[in-house]
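Residue strings, one per chain:
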Amino acid sequence: MNFGLFSKLLPEKDPRANFSHILETGYSCTQFNFSTMGLPTVPEAEVDILLCRSVRNAQAETGISIPVISGTCNLIAPDTTERKKAVEGVIYLIAACERMGIPRVSLCTGSRDTADMWKFHPDNASPEAWSDLEESLSVILDRTAGSGVSICIEPEKANVVSDPRKALELLKEMGSKRIELIFDAANILSGTEESVRDDVLKNAFGMLREYVSLFHMKEIYSPTGIQGGPTGSGLLNIPLYISLIRTYCPDAPVIVHGLNPSVSRCMEQSIMYLKQAEGGSAYV
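Residues numbered from 1 in each chain as written. Predicted model: local features only at pLDDT ≥ 70, side-chain atom pairs only at ≥ 80, totals over all residues. Heavy atoms only, no water.

Phe183 and Phe215 are the most contacted members of the largest nonpolar core, which totals 86 residues. The element contributing the most residues to this core is helix α3 (residues 80–100), with 9 residues. Beyond its immediate sequence surroundings of up to four residues, phenylalanine 215 is in contact with Phe183, Phe205, Tyr241, Ile245, Cys249, Ala252, Pro253, Val254 and Ile255. (Core = buried A, V, L, I, M, F, W, Y, C linked by side-chain atoms within 4.5 Å. Buried < 20%, exposed > 50% of the residue type's maximum accessible area, 1.4 Å probe, protein only. Helix = DSSP H or I, 4+ residues; strand = E, 2+ residues; numbered from the N terminus. Contact = heavy atoms within 4.5 Å.)

Okay, here's the thing in structure tokens:
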């Protein structure tokens, strides 16, 4: 399996040093983020060609795979100026992806919360919020119609696309093959009772797997648990998750995040655990 790591988890700002560190730690790919280089995640203007070239050269020199770049911004921000700025930023980012050879941009479907796009707001469930999301995505798709770069979204309880059912609804209504899904089991299972967690994961996988282009791997912790520990230190049934991916989507990258870089050997322990889980017996 192709295990990767968020580039922003590492301290190196130079792409070549950052990618080399990821590979040396035991991962084979990364979810890149311009914040790695001290820049905004979503650009506010056209990205300099030389900057794009430096990322592409670093990728070629190290041999790392970059299946996706982070483009998280609030596509349903209640302030229309902020929302339009976010849309323009994603368009700039898609153009940069074409220069860097990165095939996907990951997006946040957004929240009506004015301060935090990852925070739940009751208006997220409103028809107006859904309409704003579809409008934002439509503008992005229309303005980048000739691009081969896909848009990846993931169900997240605090956002507009809050569950697998809404993800399928959005895919059906938008009708674009350039919209793909990221599957994050921790997002799907957040707040779910332990007794039904495995069944919920299997059902969600069955609903979404044919639309998923990559997976996120982060842990679930109890409210009193230590956050950000290595993969395998929380409540997620990772052997089951890995088995489902290996059985149905074996070529999809699995990107690890939610780690605390200050925890000693957190990243190394995570990849060791994942490779052990990959080699385990099927658990479906």
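Now that the structure is up, let's keep going.
Below, the discussion takes up the packing of helix α1 (residues 15–25) against helix α2 (residues 49–62). Each pair of packed helices gets described by two things: the angle between the helix axes and the distance between those axes. It is at 8 Å that the axes of α1 and α2 come closest, and there the two elements cross at 35 degrees. Judged by the sense of rotation from one axis to the other, the crossing of α1 with α2 is right-handed. Contacts between α1 and α2 involve Pro15, Arg16, Phe19, Ser20 and Leu23 from the first element and Val55, Ala58, Gln59, Glu61 and Thr62 from the second. For the contact of α1 with α2, the per-class residue count stands at 5 nonpolar, 3 polar and 2 charged. (Axes fitted to C-alpha atoms, helices over the stretch in contact; angles between N-to-C directions. Left-handed = near helix turned anticlockwise from the far one by under 90°. Nonpolar A, V, L, I, M, F, W, Y, C, P; charged D, E, K, R; others polar.)

Right, let's get into the environment of isoleucine 91. As for its position among the elements, isoleucine 91 is in helix α3. Separated by 48 residues in sequence, isoleucine 91 and valine 139 place their C-alpha atoms 9.0 Å apart.

Once that is clear, we can look at the pairing of strand β5 (residues 150–153). What you see with β5 is no split at all: Ser150 and Cys152 on one side and Ile151 and Ile153 on the other are buried throughout. Where strand β4 (residues 104–106) and β5 come together, 3 bridges link them in parallel fashion. By the bridge assignment for β5, valine 105 is matched with isoleucine 151. Between the parallel elements β4 and β5, the chain passes through helix α4 (residues 127–143) in a crossover that is right-handed. Across 3 bridges, β5 lies against strand β6 (residues 179–184) in parallel orientation. The residue bridging isoleucine 153 from the neighbouring strand is leucine 181, located in β6. (Pairing = 2+ DSSP bridges. Right-handed = clockwise from strand over helix to strand, strands pointing away.)

Let us look at the pattern of salt bridges. Tallying each qualifying case throughout the model produces 9 salt bridges. For glutamate 44, the salt bridge is made with lysine 85, and the minimal N-O distance between the two is 3.7 Å. Residue glutamate 44 is found in the loop between β2 (29–32) and α2, and its partner lysine 85 is found in helix α3; the two are separated by 41 residues along the sequence. Measuring nitrogen to oxygen at the nearest pair gives 2.8 Å for the salt bridge that ties glutamate 88 to arginine 143. A residue pair is termed long-range when its members are at least 10 positions apart, and glutamate 88 in helix α3 and arginine 143 in helix α4 qualify at 55 residues. (Salt bridge = Lys/Arg side-chain N within 4 Å of Asp/Glu carboxyl O.)

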